[in-house]
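Understanding the architecture of this molecule
Letter by letter, the chains look like this.
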Amino acid sequence: MIIDLRSDTVTKPTKGMLDAMFSAEVGDDVFGEEPTVIALEKKAAALFGKEAALFCPSGTMTNQIAIKVHTQPGDEVLCDTTAHIYNYEGGGISFNSGVQAKLLQGERGRISAQQVLDAINPNFDWLTHTSLVCIENTANRAGGSYYSLKQMEEIANVCKKNNLKYHLDGARIFNAIVENTYTPGNLGKLFDSVSVCLSKGLGAPVGSVVIGDNQFIAKARRVRKVFGGGMRQGGYLAAAGIYALDNHVERLKEDHKRAKELGGIMLGLNYVDSVLPVDTNIIIFSLNDKIKPEDFIKKLADNNIKAVGFGKQAIRFVTHLDVTDEMLEKTISVLKKINS
Ligand SMILES: *Cc1c(COP(=O)(O)O)cnc(C)c1O
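What you are looking at is a predicted structure, and each value in this text was computed from that prediction instead of being measured. (Residues numbered from 1 in each chain as written. Predicted model: local features only at pLDDT ≥ 70, side-chain atom pairs only at ≥ 80, totals over all residues. Heavy atoms only, no water.)

1. Examining the pattern of salt bridges
Our working definition: What counts as a salt bridge is simple: a side-chain nitrogen of Lys or Arg found within 4 Å of a carboxyl oxygen of Asp or Glu. Working definition: with a 1.4 Å probe on protein chains only, accessible area under 20% of the residue-type maximum means buried, over 50% means exposed, and in between means partly exposed.
In the structure shown here, the tally under the stated rule is 16 salt bridges. The partner of Arg6 in a salt bridge is Asp4, with the nearest N and O atoms 2.6 Å apart. With a relative accessible area of 13%, Asp4 lands in the buried category. Through salt bridges with shared partners, a single network forms among Glu254, Arg258 and Asp325.

2. Some details on unusual backbone geometry
Generally, phi is negative for residues other than glycine and the peptide bonds are trans, each holding for most cases. Under the convention used in this document: Secondary structure follows DSSP: runs of H or I at least 4 residues long count as helices, runs of E at least 2 residues long count as strands, and numbering of each begins at the N terminus.
Thr138 follows Asn137 through a cis peptide bond whose omega is 0°. Following the sequence through the fold, Thr138 ends up in the loop between β5 (130–136) and α7 (149–161). A positive phi angle, close to 60°, is found at Asn163, a residue other than glycine. Position of Asn163 relative to the elements: it lies in the loop between α7 and β6 (165–170). In the Ramachandran plot, Lys312 falls in the positive-phi region, its phi being about 50° despite a non-glycine side chain.

3. With respect to the sheet that holds strand β2 (residues 52–56)
The criterion, for reference: Strand pairing is assigned whenever DSSP identifies at least 2 bridges connecting the two strands. Axis definition: a line fit to C-alpha positions, over the contact stretch in the case of helices; interaxial angles, taken between N-to-C directions, run 0 to 180 degrees.
Spatially, the 7 strands line up as an open sheet ordered β2-β8-β7-β6-β5-β3-β4, and their pairing is mixed. Pairing within the sheet leaves two strands with one partner each, and these edge strands are β2 and β4 (100–104). The sheet shows a mean angle of 20° between the axes of neighbouring strands, direction not considered. Pairing between β5 and β6: 5 bridges, direction parallel.

4. Examining the side chain of Asp75
For clarity, the cut-off: Asp and Glu count as negative and Lys and Arg as positive, but His and the ends of the chain are not part of the count. By the criterion applied in these results, polar contacts are pairs of N or O atoms within 3.5 Å in which, for protein atoms, one can donate a hydrogen and the other can accept it, and in which residues neighboring in sequence qualify only through two side-chain atoms. Whether two residues are in contact is decided by their heavy atoms, any of which lying within 4.5 Å being enough.
Within the element layout of this structure, Asp75 appears in the loop between α3 (59–70) and β3 (76–80). Buried and without a salt bridge, Asp75 has Lys68 as its closest oppositely charged side chain, separated by 10 Å. Polar side-chain contacts of Asp75 include one of 2.8 Å to the backbone nitrogen of Gln72. Apart from the residues lying within four places of it in its own chain, the contact partners of Asp75 are Gly98, Val99, Gln100, Thr128, His129 and Ser131.

5. Points about the layout of surface pockets
For clarity, the threshold we go by: Residues are said to line a cavity or pocket when one of their atoms sits within 4 Å of a point; the points come from a 1 Å grid over protein atoms alone, cavities being sets where a 1.4 Å probe fits but cannot get out and pockets being open sets with protein on both sides within 12 Å along at least five of seven lines. Grid points are joined across faces, edges and corners, and a volume is the space filled by probe spheres set on the points. Residues were grouped as follows: Ala, Val, Leu, Ile, Met, Phe, Trp, Tyr, Cys and Pro as nonpolar; Asp, Glu, Lys and Arg as charged; and all remaining residues, including Gly, as polar.
Counted as a void, the largest pocket has a volume near 250 Å³. What lines the largest pocket is a set of 22 residues, and nearest its centre among them are Thr9, Thr60, His84, Cys197 and Lys200. The residue makeup of the lining of the largest pocket, split by class, is 6 nonpolar, 11 polar and 5 charged.

6. Some words on the site of the ligand
Worth spelling out the cut-off: By convention in this text, a residue qualifies as near a molecule or strand provided that one of its non-hydrogen atoms is within 4 Å of it. In this description, accessible areas are obtained by the Shrake-Rupley approach with a 1.4 Å probe, and a residue is regarded as covered only by the protein chains that are shown.
Around the ligand sit 13 residues, and of these Gly59, Thr60, Asp169, Arg172 and Lys200 come closest. Between the ligand and Thr60 there is a distance of 2.6 Å, counted from an oxygen atom to a side-chain nitrogen or oxygen. One of the side-chain nitrogen or oxygen atoms of Arg172 is found 2.9 Å away from an oxygen atom of the ligand. When isolated, the ligand has an accessible area of 380 Å², and the protein chains bury 84% of it. It is α3 that contributes the most residues to the shell around the ligand, 3 residues altogether. Classifying every residue of the shell around the ligand gives 2 nonpolar, 6 polar and 5 charged.

7. Observations regarding the domain arrangement of the protein chain
Selection criterion: Domain start and stop points were drawn from an automatic or database domain assignment. By convention, the term buried area covers the 1.4 Å-probe accessible surface removed from two parts as they join, with the contributions of both added.
Each assigned domain of the protein chain is listed with its residue range as follows: domain 1 (11–247) and domain 2 (251–339). One C-alpha centre belongs to domain 1, the other to domain 2; they are set 28 Å apart. Between domain 1 and domain 2, the contact holds 22 residues from the first and 17 residues from the second. When domain 1 packs against domain 2, the two sides together hide about 1,700 Å² of surface, and 54% of this comes from carbon and sulfur. Run the count over domain 1 and domain 2 and you get 2 salt bridges. Between the two partners, domain 1 and domain 2, sit 7 residue pairs in polar contact (both at pLDDT 80 or more).

Structure (structure tokens):
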């Protein structure tokens with residue numbers, strides 16, 4: 001039994017998902033005749049109460065497409081210092097869109113409306129044009145924290161008043177939704193575009209969708225083709241996405257319960273210095289100087305547990321569809337053994 005806590009991207013399709021994939025009706029999506037891709041896009045758009053959606057190979061691509069459509073070269077994007085678009089997309093915002101980021105120091109990955117307001121450049125020829133705000137919900141690097149609806153609304157109001165576009169990197173938006181009272185429909189009203197990963201906690205093997213109005217999606221389709229993301233019989237993958245949205249949303253709560261249980265025992269371990277609050281399915285903790293991260297990861301690996309370092313003394317565990325209660329118990333007992 002291998003227990004893979006490196007990421008919620010490691011999930012493999014379930015039997016039900018594979019059946020849905022095998023029986024998908026397919027066509028050529030570049031010609032606009034992929035029935036299953038179209039069905040997924042319609043479903044995602046309707047869920048968020050927006051006009052249209054676009055199926056893409058990755059969440060990096062959906063974010064990068066949105067940034068490209070919302071900005072002009074030389075513009076500035078406002079985001080938190082820990083943002084995926086800034087840290088983990090290979091410098092794509094400058095490479096693809098020729099824009100720069102102004103980084104805001106949020107609270108556990110969450111920026112505030114006041115910070116956004118203070119960061120907008122006045123309209124002078126010599127100042128960078130601020131055109132886009134990007135928030136991440138849940139915030140990965142910050143340990144899976146989530147925004148309240150009010151926080152997101154306040155930023156939306158600042159964006160509207162100041163003519164800024166507002167993009168949600170919702171790679172794990174359903175992890176936030178199941179912990180809150182807001183719905184995808186509430187979010188669709190606030191944002192110009194929303195990116196959702198199907199291949200994280202939702203358990204699809206590949207794929208993300210970006211959601212917006214018709215005009216935005218028409219432009220996004222062109223950019224997707226330029227980025228090399230125009231897929232053909234993508235319906236086999238889209239079928240997995242539809243299955244994931246139908247079957248794997250509510251169960252995210254189970255991942256959160258397991259993550260909280262794991263997080264709860266971490267502080268009792270004599271080699272753990274601190275643990276970030278566990279709000280969803282991500283546990284980020286810091287080892288004290290009794291143990292080197294590479295030695296800790298090796299000890300876990302010797303017990304068939306996979307984890308990744310997350311900078312300096314920090315380690316990240318992520319719970320997901322393929323982590324069972326049995327695996328959780330085994331992990332806890334191994335962690336306690338390392339303790340002694
Ligand atoms: C995973 C992730 C993405 C997209 O990643 P891909 O691996 O390209 O699908 C975007 N934003 C956040 C916050 C993520 O965690």
